[in-house]
Every structure is written in C-alpha cells, then in structure tokens.
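The residues making up each chain are set out below.
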Amino acid sequence: MPKLILSMDGLVLKEIALTKERTLIGRKPHNDIQIDNLSISGQHATITRILSDTFLEDLNSTNGTYVNGQPVKKHVLRNNDVIELGKYRIKYLADSSTPGVSATELVDSASLRPFEIGTAAPAESSPASERSPARAQTQAAPPPARGTTPTSSIGYLLENLGVIQVLSGANAGQELELSKSVTTLGKPGYQVAVITRREQGYFITHVEGAIHPQVNGKKLDAKAHKLNNHDILEVAGVKMEFFLRN
C-alpha cells in the first residue's frame, strides 16, 4: 500500500498509509493530514488514488504546492517524489508490491508496459539528447472463447470495448484496447491524461501538464469529458481516434 512520510527540517513527524481514495492535506482540522502552520492553506492539496495511479492536486493554495522543487497544479506521483508545502516535506512511497514502478509506468491496473506517445513540446523545453523515440505497447489479454459473452465488473460487454488508434507520429496505426478501468496516456512531465471506464461510458481527464489535451479540436477543462464514438483526441502532440469495437 502506498504511504506518505511527513517531515520538517529532516525530522520525520509521521507516516501516513494511503488507505482512502481521496486524502486532503491542509491547516484546518477536517483534513486527513492536518499541518497546523500559517504557510499551509486551510485546504491546501489533495491526493487521489485511482487503482494503481496516485494523483496530487493543488487546491488553489496561497503558497503553492511543489514536487521535487517544481510548482505543480496536477501531478502524477512517482515513487520517491517529494511534495513540498512550505517548510514541510511529504515523501511518496509507492506500493511495496511494485517497488520502483512509477504511476505513469502502468498503462492501467494490469501488466501492460507504458503507452508513451511522442510530444510536440518546443525544442527548448527538452534537449534533443534527452528525448527518446515514442513507443507503444498494446498487448492485451486473449479474447474470450467463442459463444461466451463475458462482462467486466462494471457491466460492459466486451463487444463494445473502447479502442484508441494512433493517427500521427511514429506509432501511427497502432491500437490500444481500453480494457481496464484506467488507462494513462501521454508523456510524464509534459502532458498526461487518463481515460476511465465507467458504467456511463469512457471519460478522459487531464491530470498533468500546463497544456490540456484536445477532443475534436477543443481543449479539455478540469472536468472529466465523456468520449463518443470516433472522437479525435490530441495528447502530447499526437492525434488519436477513439472508437467502440463491436
């Protein structure tokens, strides 16, 4: 189970196991992690767990939230990330069952390797020597035997499984089946989005990066956006098509 280690000036104050889906951090007593210091806002930040992924979000705090020295609004936490709130430090330790594996290194809740897509970030934002070729792994579980109509835990028939097909870049033509509850897309540190599979359909949400993904040419806001058949997505500069496979 992931946990947080709260410290100040090198002194460990407490350890907190992330047992809840949403953990509030702030100065007021109702927070799950209360830090009674005037540099901390009443509700400063929140940490949300979605299956294997853990997201940090600043709640419009007065003094801001930093991760590894960089200011963030939304951030996918990785193993050993250090959250900075004023003089306080909160170290994030991932689930011990997957040591050293960062949240965005998991495409979903199962065992797929990263689905990382190339970025269209300006050249000055990342030296060429540091950029690696885009890659995608689209292994999926074998299809069910003929004559069966298995459903997922949320009631989807696999006949209507969502699929992402890459339309541009080096991986054009490759497909990724959205067979799990959460699928992470993008490039950590630049732009990350998640597609969640719910009873009402598939939804895309922006979780990291100053530039928001686009759906049919329109930028997403902070809310989850429901995907429709044949929507065109643009994440980290790469265009993709979402469709339902019958």
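The following refers to the structure shown. (Residues numbered from 1 in each chain as written. Predicted model: local features only at pLDDT ≥ 70, side-chain atom pairs only at ≥ 80, totals over all residues. Heavy atoms only, no water.)

### Regarding unusual backbone geometry
Point 1. We note that N60 has phi near 55°; this positive angle belongs to a residue other than glycine.
Point 2. As for its position among the elements, N60 is in the loop between strand 6 (53–58) and strand 7 (65–67).
Point 3. Of note in this structure, N80 is not a glycine but carries a positive phi near 75°.
Point 4. Secondary-structure assignment places N80 in the loop between strand 9 (74–76) and strand 10 (82–85).
Point 5. You can call N80 partly exposed: its relative accessible area is 39%. (Helix = DSSP H or I, 4+ residues; strand = E, 2+ residues; numbered from the N terminus. Buried < 20%, exposed > 50% of the residue type's maximum accessible area, 1.4 Å probe, protein only.)

### Concerning the pairing of strand 18 (residues 201–208)
For a regular strand, side chains alternate in direction, first toward one face of the sheet and then toward the other.
Point 1. Of all the eight residues making up strand 18, eight are buried; the element is thus mostly covered by neighbouring parts of the structure.
Point 2. The pairing of strand 17 (residues 191–198) with strand 18 spans seven bridges and is classified as antiparallel. Counted as the bridge partner of R198 is G201 from strand 18.
Point 3. Where strand 17 folds back on strand 18, the antiparallel hairpin that results is connected by two residues.
Point 4. Where strand 18 lies against strand 21 (residues 225–226), two bridges are found, and the strand directions are antiparallel. Opposite I204, over in strand 21, you have H225 as the bridge partner. (Pairing = 2+ DSSP bridges.)

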